[in-house]
Amino acid sequence: MRRSSLALILAAMLWTAAPTPSMAQTGDVMLLADQVLVEQGGDTLVATGNVEALYEGTRLTASSVIYDRASDTVEIQGPIRITQPNGDVLTATQAQLDQGFQNGLLESARFVLDEQLQIASARAARVQGRYTAMSQVAATSCQVCGSDRPPLWAIRATRVVHDAEERQIYFDDAQLRVLGVPVFYIPRMRLPDPTLERARGFLIPELKTSTLLGFGIKLPYFIPIGDHADLTLTPYVSPITRTLELRYRQAFRNGNITVNSAVSRDSLSSESSRGLFFAEGAFTLPRSFRLSFDIEAVSDDAYLNDYNSDFKKDRLDSALTLSRTKRDRFFSLGLIHYESLTDGENNATQPTIIADLRYNRRYFPKAIGGEVRLGFQVHGHYRYSDTDIDGSDDDSVVDGRDVGRANLDLSWRDRWTLPGGLRAGAVAQLWVDHFIVEQDAAAEGDYTEVTPAASVELRWPLVKQTSTGARVLLEPIVQVGWIGGERSGVPNDESTRVEFDEGNLLSLSRFPAPDRRERGLIGAAALRWMRQDPEGWRASMTLGRVWRDEVDTDFSRSSGQDSAASDWLIAGQLAHQNGLQLLARGLFDSDETRFNKAEMRANITRDRYTLGTSYILLTTDPLEDRDDAQSQWRVNGRYNIDRNWTATGSTRYDIAEGQFLNAGIGAEYRNECVAVDFSVSRSFASSTNLEPSTDFGLTVALTGFSTGGSGKEYRRSCSY
């Protein structure tokens, strides 16, 4: 058998992949058949009986293949099945290809693209080696089980053309049928085939119903811009609003940007137009620098709430940051602009513009041993208000106070192992702080503080392994520290919220900013316990307390540090291989036998469900401008009812006020050819949301096309 004859058979086999004849002639082909004959003087080759041809991962099976050298045509008798390396399958009853094998005709053809989309036609023609034109077509990604069982949905068309190069499918006289019933007609329609990830066109529409905006529809349109950028335009129309949403994304060689914006005209506001603008990006610069930015802006405080936006938040922050992190040094330069959307907060009296420069360096001197750390910071924050006294707002802060400061932090630390397994550590530290305060009638203007500090600590880590193989650690810790110097009288403008946790239990100052530092003699004690069990769980717990020789009145009640002996810090974690994770932390006041601050988070993830919950408690605290206690539960979960149905839910409940803040439920249905998402959410009135609203959402996606996603994991078998 001549190699050219095999190449012609190969070209017939690969007509859907559009190989050129020269490509086919260079490949190695394997042809298997029960019988191969050469007839009529060698001009006709006939292969019959279980014919199978293999070429570079593509397989053709047929009952017979006839090659006529005189007419240079190949005739293939079915049943024909062509399987390509990417998984696409073509079946037909018979096929005939003309000279050059760029044009051909198949009878009763059926395509299966990417193991999802099935296209059945009475006749299919190959045109110019690129297009497949089909007539009397039915297309669906649903499992078809017998002619008497119509698929959940199908697209009927008089003509369909598949462009293999552009990976697009064109429909003429398209009719969408649901369970065999026509529900929608469109004369011309274009859809991307399942293998195309980015295609210009409409995405999945979303139906929305809101008590504020009424019934509306979102219809996104996707526009690819080259290989590295795209634009999505989403008109949103309801009786109340006319909105155009925009999302632009672009990837660069050294970074990426994303821009989200919206412009609305509605009857909810007297403004002619409303909207939002959110943008973010990050870039890697030479010499290991990283530049990132984040821009957040809205036309009015209520916009995010009215439109139930994905960017819904109480405070907007726009930031520009340049940073570099290396093993022994860190540099950061940042500029942030804040805008509060909370009712009752005046942006003019809040620190709005914040600039910050940080530099940290580590050294390891051999002469003295240990580690030397050098830190330098320049910070400033600005308020728009020009008032130099406290106005009529709820807080006790001067309305227009502006602050700038420069801070130097120099420290040395080292650790040693003593006899008996004791671990000792020592820290010597020096802070030099200079402040400039403006627009404060009670302030002196400039302040300078020099603060020396030192501490020593002892740890005794006790480790054992139990008879069951569990590893247990018990570690008592004690620390004694001293902080010298005196406060210069600089106003407390940054250290108004103090957190006491495992991270700063042994710190020499627990204030979050340099305008306040602890003074005098302090002591701390803690007990750490950890266990790692071979049965698949691990747990840890920390119990600690701080003592000081004098009470610091700048500590608030909920900080747990407002007395000579602090509240007890109690913190624990638990993780189990069955999916359970638990984190809890609290400050327990032993004098009043209650928690002044507490938080808890728990998650459990199993095969059929996921459940998460969190709890937070904050007591009343005049220094933190909190007249009422805050106590809230948040719960969210997901439950897989069966292979196709999933239920979701979430809620946030204010225990102190005795009311729900928001709640939502949802249902998702998935099978091999359709995805349906339905959701209902309710936002109740609060300080950040004065107008309650209820929102309904519905999306229906036909899977099997690139816009609808994949449904391969839901593929099922027919049962009779």
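Look up: the structure comes first, before these words.
The shown structure was predicted, so the numbers you read here are calculated from the model rather than taken from an experiment.

What counts and what doesn't
- Residues numbered from 1 in each chain as written.
- Predicted model: local features only at pLDDT ≥ 70, side-chain atom pairs only at ≥ 80, totals over all residues.
- Heavy atoms only, no water.
- Helix = DSSP H or I, 4+ residues; strand = E, 2+ residues; numbered from the N terminus.
- Rg over C-alpha atoms; globule rule 2.2 N^0.38 Å.
- Buried < 20%, exposed > 50% of the residue type's maximum accessible area, 1.4 Å probe, protein only.
- Contact = heavy atoms within 4.5 Å.
- Areas by Shrake-Rupley, 256 points an atom, 1.4 Å probe, with all protein chains shown as cover.
- Lys, Arg positive; Asp, Glu negative; His and termini not counted.
- Charge placed at Lys NZ, Arg CZ, Asp CG, Glu CD.
- Salt bridge = Lys/Arg side-chain N within 4 Å of Asp/Glu carboxyl O.
- Disulfide = S-S within 2.5 Å.
- Pairing = 2+ DSSP bridges.
- Patch = residues over 30% accessible without salt bridge, like charges linked within 9 Å, V, L, I, M, F, W, Y side chains within 5 Å.

A.B. asks: Can you walk me through the overall build of the protein chain in this structure?
C.D. replies: Scanning the protein chain from N- to C-terminus turns up 3 helices and 42 strands. Relative to the 2.2 N^0.38 estimate, which gives 27 Å for 720 residues, the radius of gyration of the protein chain is 36 Å and therefore markedly larger than a compact globule would have. Based on the C-alpha atoms only, the size of the protein chain along its principal axes is roughly 115 × 70 × 50 Å. With 720 residues in all, the protein chain has 40% of them scored as buried. Sequence-distant contacts, at least 24 apart, represent 46% of the contacts inside the protein chain between residues at least 6 apart. Within the structure as shown, the protein chain displays about 37,300 Å² of accessible surface, and the carbon and sulfur contribution to it stands at 55%. For the protein chain, the distance from the average position of its 77 positive side-chain charges to the average position of its 96 negative side-chain charges is 7 Å.

A.B. asks: Even after reading the chapter, I still don't get the environment of A629, so can you show me in this structure?
C.D. replies: Mapped onto the elements, A629 comes out in the loop between strand 37 (609-618) and strand 38 (630-640). Judged by relative accessible area, A629 falls into the partly exposed class, the value being 33%. A C-alpha to C-alpha distance of 40 Å links A629 and L291, two positions 338 residues apart in sequence. A629 has contacts with L618, T619, T620 and A656, leaving out every residue within four places of it along the chain.

A.B. asks: So what exactly am I meant to see when it comes to the pattern of salt bridges here?
C.D. replies: Close approach of charged atoms allows side chains of opposite charge to pair. According to the stated counting rule, one finds 42 salt bridges in the structure shown. In this structure, R274 engages D306 in a salt bridge whose closest nitrogen and oxygen atoms are separated by 2.9 Å. Of the two residues, R274 is situated in strand 21 (residues 274-284) and D306 in helix 3 (residues 303-306); the sequence distance between them amounts to 32 residues. Here R373 makes a salt bridge to E371, at a shortest N to O gap of 2.7 Å. Relative accessible area serves as the criterion here: at 11%, E371 is assigned to the buried category. Salt bridges sharing partners connect three or more residues here, namely R327, D328, R362, E371 and R373.

A.B. asks: What exactly am I supposed to notice about the state of the cysteines here?
C.D. replies: By definition, a disulfide links the sulfur atoms of two cysteines through a covalent bond. Within this structure, the stated rule accounts for 1 disulfide. At a sulfur-sulfur separation of 2.0 Å, the disulfide partner of C142 is C673. Looking along the S-S bond of the C142-C673 disulfide, the torsion reads about 85°, which is the right-handed sense. Separated by 531 residues along the polypeptide, C142 in the loop between strand 10 (131-140) and strand 11 (153-163) and C673 in the loop between strand 40 (659-670) and strand 41 (674-683) bring together distant segments of the chain. No difference in accessibility class separates C142 from C673, as the two residues are buried.

A.B. asks: It is not clear to me how the environment of F555 should be interpreted in this structure. Could you clarify?
C.D. replies: Note that F555 resides in the loop between strand 33 (537-548) and strand 34 (568-576). The class of F555 is buried, set by a relative accessible area of 2%. Separated by 58 residues in sequence, F555 and R497 place their C-alpha atoms 8.6 Å apart. Leaving out residues up to four positions away in the same chain, F555 has contacts with V498, F511, E518, R548, Q561, D562 and L623.

A.B. asks: I keep staring at the pairing of strand 33 and nothing clicks. Help me out?
C.D. replies: Regular strands place side chains that alternate from one sheet face to the opposite one. Bridge count for strand 32 (residues 520-533) against strand 33 is 12 bridges, and the pairing is antiparallel. For I522, the partnering residue across the bridge sits in strand 33 and is R548. Hairpin connection between strand 32 and strand 33: a loop of 3 residues separates the two successive antiparallel strands, and G536 in this loop has a positive phi of roughly 105°. Two elements, strand 33 and strand 34, share 8 bridges in a ladder whose sense is antiparallel. In the sheet register, T542 faces strand 34, and the bridge partner there is A571.

A.B. asks: Help me understand a negative patch on the surface, please; the structure alone is not making it clear to me.
C.D. replies: On the surface, D394, D625, D627, D628 and E657 cluster together to form a negatively charged patch. With respect to the helices and strands, the residue D394 is situated in the loop between strand 26 (371-382) and strand 27 (402-417).

A.B. asks: Which parts of the structure should I look at to understand unusual backbone geometry?
C.D. replies: Keep in mind that most residues, glycine aside, have a negative phi and that most peptide bonds are trans. The linkage connecting G78 with the following residue, P79, adopts the cis geometry, with an omega of 5°. Look at Q136: it is not a glycine, yet its phi comes out positive at around 50°. If you trace the backbone, Q136 turns up in strand 10. Among the residues examined, Q136 registers a relative accessible area of 56% and is labelled exposed. Phi at L179 is positive, roughly 55°, even though this residue is not glycine. Tracing the backbone through its elements, the reader meets L179 in the loop between strand 12 (168-178) and strand 13 (181-192).

A.B. asks: Sorry if this is basic, but what is going on with the pairing of strand 38 here?
C.D. replies: Note that strand 37 and strand 38 share 10 bridges and pair antiparallel. Across the sheet, L611 pairs through a bridge with G637, a residue of strand 38. Here strand 38 runs beside strand 39 (residues 645-654); their pairing, made up of 9 bridges, is antiparallel. Directly across from R638, in strand 39, lies its bridge partner T648. Here strand 38 folds back onto strand 39 in antiparallel fashion, the turn holding 4 residues.

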